[in-house]
Amino acid sequence: MNIEMLYSKIHRATVTDANLNYVGSITIDEELLEASKMRVGQKVEILNINNGERFSTYTILGERGKRDICLNGAAARKVHKGDKVIIVAYASYNEKDLETYQPRVVLLNDDNNIDEIVDKI
């Protein structure tokens, strides 16, 4: 049996832009993608802390060091610049995998700099 579990989370990211005229996705700074172990093109859920919106999209590579978190396309309608969001990725684990399961949580400050990386919840 496989169980869908939290794989990785970027917690309390600040939305830096919302670009309606772009093919849908979320642009995430390359360093934040690496820290979270998320991959380009990976499906993620976006949880908007400010308005309660929850929606899915996929990641695209943002410029390293710019700390961009930009919602693109239709997703741009669900956020405003300055909103706080949680970016969540899930993965399917079997019973054996769960014996050593450790999700990655990346905690950000208001400027999208990494405050802490937690490998346990």
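Residues numbered from 1 in each chain as written. Predicted model: local features only at pLDDT ≥ 70, side-chain atom pairs only at ≥ 80, totals over all residues. Heavy atoms only, no water.

Visitor: How would you summarise the overall build of the protein chain if you had to cite specific residues and measurements?
Guide: The helix and strand tally for the protein chain stands at one helix and nine strands. Each helix (α) and strand (β) of the protein chain, taken in turn from the N terminus, gives the series β-β-β-α-β-β-β-β-β-β. For a compact globule of 121 residues, the expected C-alpha radius of gyration is about 14 Å, and the protein chain comes in at 14 Å, within 12% of that figure. Projected onto its principal axes, the C-alpha coordinates of the protein chain cover approximately 45 × 30 × 25 Å. Counting over 121 residues, the protein chain shows a buried share of 41%. Residue pairs at least 24 apart in sequence account for 77% of intrachain contacts in the protein chain once pairs closer than 6 positions are excluded. When the accessible surface of the protein chain is totalled, it reaches about 6700 Å², and 47% of it is carbon and sulfur. (Helix = DSSP H or I, 4+ residues; strand = E, 2+ residues; numbered from the N terminus. Rg over C-alpha atoms; globule rule 2.2 N^0.38 Å. Buried < 20%, exposed > 50% of the residue type's maximum accessible area, 1.4 Å probe, protein only. Contact = heavy atoms within 4.5 Å. Areas by Shrake-Rupley, 256 points an atom, 1.4 Å probe, with all protein chains shown as cover.)

Visitor: Give a description of the environment of aspartate 110 that names residues and reports values.
Guide: Within the element layout of this structure, aspartate 110 appears in the loop between strand 8 (104–108) and strand 9 (114–118). For the pair aspartate 110 and tyrosine 7, spaced 103 residues apart in sequence, the C-alpha separation works out to 23 Å. Here the side chain of aspartate 110 touches lysine 84 through a polar contact of 2.7 Å, side chain to side chain. (Polar contact = N/O pair within 3.5 Å; in protein donor to acceptor, adjacent residues only side chain to side chain.)

Visitor: Explain the side chain of arginine 104 residue by residue, including any values.
Guide: Within the fold, arginine 104 resides in strand 8. The class of arginine 104 is buried, set by a relative accessible area of 14%. Separated by 2.7 Å, the side chain of arginine 104 and the backbone oxygen of alanine 35 make a polar contact. Those residues within four positions of arginine 104 in sequence are excluded, and the remaining contacts are Tyr7, Ser8, Lys9, Ala35, Ser36, Lys37, Ile117, Val118 and Asp119.

Visitor: Account for a nonpolar patch on the surface, with residues named and values stated.
Guide: On the surface, Tyr22, Val23 and Tyr58 cluster together to form a nonpolar patch covering roughly 300 Å² of accessible area. Along the polypeptide, tyrosine 58 turns up in strand 5 (residues 54–62). Its relative accessible area of 33% is what places tyrosine 58 among the partly exposed residues. (Patch = residues over 30% accessible without salt bridge, like charges linked within 9 Å, V, L, I, M, F, W, Y side chains within 5 Å. Salt bridge = Lys/Arg side-chain N within 4 Å of Asp/Glu carboxyl O.)

Visitor: Summarise the pattern of salt bridges; cite the residues concerned and give the values.
Guide: Side-chain pairs of opposite charge can arise whenever the charged atoms involved come near each other. As enumerated under the stated definition, the model contains ten salt bridges in all. Glutamate 34 is paired through a salt bridge with arginine 64; the nearest N and O atoms lie 2.5 Å apart. Of the two residues, glutamate 34 is situated in helix 1 (residues 30–36) and arginine 64 in the loop between strand 5 and strand 6 (69–72); the sequence distance between them amounts to 30 residues. For arginine 64, a relative accessible area of 39% gives the class partly exposed. Between aspartate 68 and lysine 66 there is a salt bridge, with its nearest N and O atoms 3.9 Å apart. Residue aspartate 68 is classed as partly exposed on the basis of its relative accessible area of 22%. For lysine 66, a relative accessible area of 48% puts it in the partly exposed group. Each of Asp29, Glu30, Glu31, Glu34, Arg64 and Arg67 takes part in salt bridges that share partners, so that together they form one network.

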